[in-house]
Amino acid sequence: MVKMGDVWDRTSEVLGGRGGMLAGIAILTLFVPGVINAAYTSYAPAGGLRSAIVVLLLIAVTIASIWGQLAIIAAATDPATTRPVAQRQATERLLPALGVMLVLGVVLTIVFLPAGVLLAMSGLDFAAMANGTPPASPKAPGPLLAASLYILVAFIALLFVGARLLPLYAVVLRERLGLGAIGRAWRLTRRHTWRLVGAVLLFMVVVMIASWAAQAVAGLVTALVLGGDAAATVRFVGTVAAQAASTALTLVAIVFSGQAYVAFVARDAMLRARAAA
């Protein structure tokens, strides 16, 4: 049985020994793209072109994030891996990782499609929500309640699945698998489901609280300095602060997933050796 405490200890050791290199990768691939996206969405004028560029920026941010995760995992799971080698490995495995992400994204869309149908039946104004304005009260509360319950159940199920797939990108990178990485990650994490669910849930709560606090404090200070007329700048500074907090915690989570993969592979090899003996 792999102990999560040991994985956390190894994570701390990696961050202590290679933190500078890993932080450099995280800043370039997780923080900077998010800041660029926040700058555009904060200051760009409304219009059809803005929506199209926002979509393109989100795609670019996602690709950069996956590449960064692969590079961080490469460097975090092998002390001999230098930054250039980690970047080369991330580039080599980027397309398979994107393919896996795309398939999981399609599955996720299908899972939440019934909730979207129920919300549409309730009369929820999606256009108002997209424009950032509070939507009017739904005309049919029944479908809205059903959608809320469905989303809650789906969230719990996805939390379970996400925990089981925690070492997914490590499998894609280290074992050079494509869609087969999904099954491999699922098998590696058996008998550790609830420990991983607790770790993932803890991370989500910490990121949410830290990001909200950073955004609120930075936004408040900026508003006091610049005044109420600088709403776009207040929003941008707050988003940058939240992105910084999220990047730091995400780096810890990525290293943790890499160290969990190393521990799970070692345990799997030990069990195979015992079975062979």
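A short tour of the structure in this document, coming up. What you see is a predicted model, and the numbers here were worked out from it, not measured in a lab.

## Comments concerning the overall build of the chain
Then comes step 1: A count of helices and strands for the chain gives ten helices and zero strands.
Then comes step 2: Moving toward the C terminus, one meets the helices and strands of the chain in the order α-α-α-α-α-α-α-α-α-α.
Then comes step 3: Accessible surface computed for the chain: about 14800 Å², of which carbon and sulfur atoms make up 72%.
Then comes step 4: One way to put it: in the chain the 20 positive side-chain charges average out to a point 7 Å from where the 9 negative ones average out.

## Description of the side chain of T77
Then comes step 1: Locating T77 in the fold gives a position in helix α2 (residues 48-77).
Then comes step 2: Look at T77 and you get buried, because its relative accessible area is 17%.
Then comes step 3: In terms of polar contacts, T77 uses its side chain to reach the backbone carbonyl oxygen of I73, at 2.6 Å.

## Some thoughts on the layout of surface pockets
Then comes step 1: Approximately 1600 Å³ is the volume found for the largest pocket.
Then comes step 2: As for the largest pocket, its lining consists of 45 residues, of which Q69, G162, L166, V200 and F203 are closest to the centre.
Then comes step 3: When contributions to the lining of the largest pocket are tallied by element, the ones reaching two or more residues are α1 (4-43), α2, α4 (94-121), α6 (141-164), α7 (168-174), α9 (193-226) and α10 (231-276).
Then comes step 4: Of the residues forming the lining of the largest pocket, the biggest block, ten residues, is contributed by α10.
Then comes step 5: Looking at side-chain class alone, the lining of the largest pocket contains 33 nonpolar, twelve polar and no charged residues.

## A word on the nonpolar core
Then comes step 1: Ranked by internal contacts, the top residues of the largest apolar core, which has 48 residues, are L22 and I72.
Then comes step 2: Here this core takes nine residues from α2, the largest share from any one element.
Then comes step 3: With residues near it in sequence (within four places) discarded, I72 still touches L22, I25, A26, L251, I254 and V255.

## Thoughts on the packing of aromatic side chains
Then comes step 1: The full count for this structure, using the stated rule, is three aromatic pairs.
Then comes step 2: Here the aromatic rings of Y43 and F236 are separated by 5.8 Å at their centres, their planes lie at 55°, and the arrangement is tilted. On the criterion of sequence distance, the pair formed by Y43 in helix α1 and F236 in helix α10 is long-range, its members being 193 residues apart.
Then comes step 3: Relative accessible area serves as the criterion here: at 45%, Y43 is assigned to the partly exposed category.
Then comes step 4: Of the residues examined, F236 reaches a relative accessible area of 18% and is grouped as buried.
Then comes step 5: We note R164 situated over the ring of W186; from NZ or CZ to the ring centre the distance is 4.2 Å.

## Notes on the packing of α4 against α6
Helix packing geometry: the angle between the two helix axes and the distance between the axes.
Then comes step 1: Packing of α4 against α6 brings their axes to within 7 Å, and their N-to-C directions diverge by 165°. If you check the angle between α4 and α6, you find them roughly antiparallel. For the pair α4 and α6, the sense of crossing is left-handed. In contact with L108, V111, F112, P114, A115, L118, L119 and M121 of α4, α6 contributes P143, L144, A146, A147, Y150, I151, A154 and L158.
Then comes step 2: Across the contact of α4 with α6, the residue classes break down as 16 nonpolar, no polar and no charged.

Conventions adopted
- Residues numbered from 1 in each chain as written.
- Predicted model: local features only at pLDDT ≥ 70, side-chain atom pairs only at ≥ 80, totals over all residues.
- Heavy atoms only, no water.
- Helix = DSSP H or I, 4+ residues; strand = E, 2+ residues; numbered from the N terminus.
- Areas by Shrake-Rupley, 256 points an atom, 1.4 Å probe, with all protein chains shown as cover.
- Lys, Arg positive; Asp, Glu negative; His and termini not counted.
- Charge placed at Lys NZ, Arg CZ, Asp CG, Glu CD.
- Buried < 20%, exposed > 50% of the residue type's maximum accessible area, 1.4 Å probe, protein only.
- Polar contact = N/O pair within 3.5 Å; in protein donor to acceptor, adjacent residues only side chain to side chain.
- 1 Å grid on protein atoms, 1.4 Å probe; cavity = no way out; pocket = protein on both sides within 12 Å on 5 of 7 lines; lining within 4 Å.
- Points joined across faces, edges and corners; volume = space filled by probe spheres on them.
- Nonpolar A, V, L, I, M, F, W, Y, C, P; charged D, E, K, R; others polar.
- Core = buried A, V, L, I, M, F, W, Y, C linked by side-chain atoms within 4.5 Å.
- Contact = heavy atoms within 4.5 Å.
- Phe/Tyr/Trp six-rings, centres within 6.5 Å; stacked < 30°, edge-to-face > 60°.
- Lys NZ or Arg CZ within 6 Å of the ring centre and 35° of its normal.
- Axes fitted to C-alpha atoms, helices over the stretch in contact; angles between N-to-C directions.
- Parallel < 35°, antiparallel > 145°, perpendicular 65-115°, else oblique.
- Left-handed = near helix turned anticlockwise from the far one by under 90°.

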